[in-house]
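Analysis of the macromolecular model
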Amino acid sequence: MSSPTTVLIAGAGLGGLMMAILLDRAGIDYIVFEKSEHLRALGSATNLGCNILPLFAQLGLQDELHKISKPSSTVNVYNETMERIGHINYEEYISTCGYVSRTMARPDLHALLLAQVPASKIQLGKKIQEISQDASKVTILCSDGSSFQGDILIGSDGAYSKVRQSLFHQLDKQQLLPKADAENLKACHMSVLGITQPVDPERYPVVRESGTRYESVIGTNKPNTWRYFTIPGNRICWRIDHHLAADAPSSTSSSATNNSNVNNNDNNNDNDASSQPSALSTNAFSTNVSPNHHAKISSCTTISPFSSSTTIASTSMDTATTTTGTTAAVNLSEWGTESSDAIPDDWRKFPCPIGGTMGDLFDQTPREVVSKVVLEEKLYQTWYHGRVVLIGDACHKMLPNSGRGAVNAMLDAVVLTNALYEKVALSASLENVQVAFEEYYEERYPHAVAEIERSKRMARVVAGQTWFDTLVRKVFFTLLPKRFQDNSYAAMLTYRPQLSFLPLVPERGSVPALPQRKSSRSGKSFLDAQAF
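Reference entry: report on the structure contained in this document. (Residues numbered from 1 in each chain as written. Predicted model: local features only at pLDDT ≥ 70, side-chain atom pairs only at ≥ 80, totals over all residues. Heavy atoms only, no water.)

As for its placement among the helices and strands, Ser101 is situated in the loop between helix 4 (94-97) and strand 7 (102-105). Judged by relative accessible area, Ser101 falls into the buried class, the value being 17%. When residues no more than four places from it in sequence are discounted, the contact partners of Ser101 are Asn47, Leu48, Gly49, Leu53, Lys70, Pro71 and Ser72. (Helix = DSSP H or I, 4+ residues; strand = E, 2+ residues; numbered from the N terminus. Buried < 20%, exposed > 50% of the residue type's maximum accessible area, 1.4 Å probe, protein only. Contact = heavy atoms within 4.5 Å.)

Attention now goes to the pairing of strand 11 (residues 147-150). Going residue by residue along strand 11, you find Phe148 and Gly150 tucked away on one face and Ser147 and Gln149 left uncovered on the opposite face. Pairing between strand 10 (residues 138-142) and strand 11: four bridges, direction antiparallel. Residue pairing across strands places Val138 opposite Gly150, the latter belonging to strand 11. Counted along the chain from strand 10 to the antiparallel partner strand 11, the turn is four residues long, and its residue Gly145 has a positive phi close to 90 degrees. (Pairing = 2+ DSSP bridges.)

The next point concerns helix 6 (residues 162-173). Its 12 residues give helix 6 an end-to-end C-alpha distance of 17 Å, which sits within 8% of 16 Å, the value for a rise of 1.5 Å per residue. Within helix 6, nine of the 12 residues are buried, which leaves it mostly tucked inside the rest of the structure. By the burial criterion, the buried members of helix 6 are Lys162, Val163, Arg164, Gln165, Ser166, Leu167, Phe168, His169 and Leu171. Two residues or fewer past helix 6, Gln175 is found with a positive phi of approximately 60 degrees. (Expected span 1.5 Å × (residues − 1).)

One non-glycine residue, Asn221, adopts positive backbone phi at about 55 degrees. Among the secondary structure elements, Asn221 is positioned in the loop between strand 14 (214-218) and strand 15 (224-231).

As a further point, take the sheet that holds strand 27 (residues 388-390). Two strands in a sheet stick together by hydrogen bonds in their backbones, pointing the same way (parallel) or opposite ways (antiparallel). If you walk across this open sheet you meet the six strands as 8-2-1-12-27-26, and the pairing is mixed. Strand pairing shows two members of the sheet lacking a second neighbour, strand 8 (122-124) and strand 26 (384-385), which therefore form its edges. One ladder, built from five bridges, connects strand 1 (residues 6-10) with strand 2 (residues 29-34); its direction is parallel. Opposite Ile9, over in strand 2, you have Val32 as the bridge partner. With respect to the sheet, helix 6 is in contact with strand 1, strand 12 (152-155), strand 26 and strand 27, its orientation differing from that of strand 27 by roughly 125 degrees. (Axes fitted to C-alpha atoms, helices over the stretch in contact; angles between N-to-C directions.)

If you want it as structure tokens, here you go:
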């Protein structure tokens, strides 16, 4: 018997699809709304570690996951002369949690999750323009004029979440939005990334290795770092980061020009392939303003968390402001297609630890899988209000080191599903909904805080460009006592939430997982329960 509760999920990215899978296991009705007409995941490599792998085992997806991934346990960091300046070996921590991290192509992971969700449960071409709610229902209005009602709306539509924008506008008008949540997202990095077609193992013997080879290079006297990952199918994922802060002038101006709008294309996670390609200059990213004009963003950029328009339904424009105080009309897609032909020539010459140059990898990458992404950072205080709740990048945008963004979106989905199963599945009264959301927030917010700090530290270690980053890297690799590293990593690995209403996967490592709430109900989902 199914639950009388209906959940609307905005966004069919990794977090949204996992949310759908878990609600299905809980027997809670749902429908996914995806703005793109056709699902096509963009991105390069992602990594799933000990925090989330028990969930895949619990769902019976472990074998499928292993088919599309390789075990990953080491990271090498080089300078541009190919001198290794750092090494991280995670193999010694395998016994701690009992799992080996897995690295895969992000589109492959998306395809695996998508295959678990019936096509009838996903509505394509549904671009959410506005939301409204009252004590009994929440409604979404789409750009095609259609509208849908449910008991709960979950915003899993990425860093430029339309659900969040609309919700925050409403809270701002009511003077209920915390000041910190009205502050801009900070973007100090942009990346171009892709996945090669199968390469020749004779030329790149590393693809024959059973495990993933992950190596990063820190550029010399240039605002770039680059990295690669080997994945199944003799393919190589690659990524080049451009550090906007490294380009910032030594002095800044407090004067601001006219406020203009940024077209963020409302991308969710990794699905939208409809964005207009943005051109790249040799010295920095240039973002597409119009067919005949490009605005260069050469310092950290800030992006409004909600539309600058007073009517959310009429625009998708956000304001971008550089650290010099200027504003520009620029196209800052969360995920946008990028032609490999537009990659600057000097980037093509970057040396690669596996031989040759990054240009050799570009040349073996299909144009349609090269993409550009802005890497923002922002932790919001407001994760829910009324019948609306946010997960993933919509409420905590972190740098994508070791797949942290995707993993944390899925962890959100686990904890939120447990709360909904316990508090809302039988009766979606506003009181029950609020109790479930508060339980979700109380568990996940502290972990999100810690994860954002970890992502910043890891970014400094494997890709940082400033003198302080260099210092942090030296301390981490050469001066930090190993016991401190061990204790810090072991503490992180203890957080391994699973669905409370399904049989838990037995502990595998020497360090037990943190205790989680047990189901106060029968321990069965609606699909299995006969009493309801």
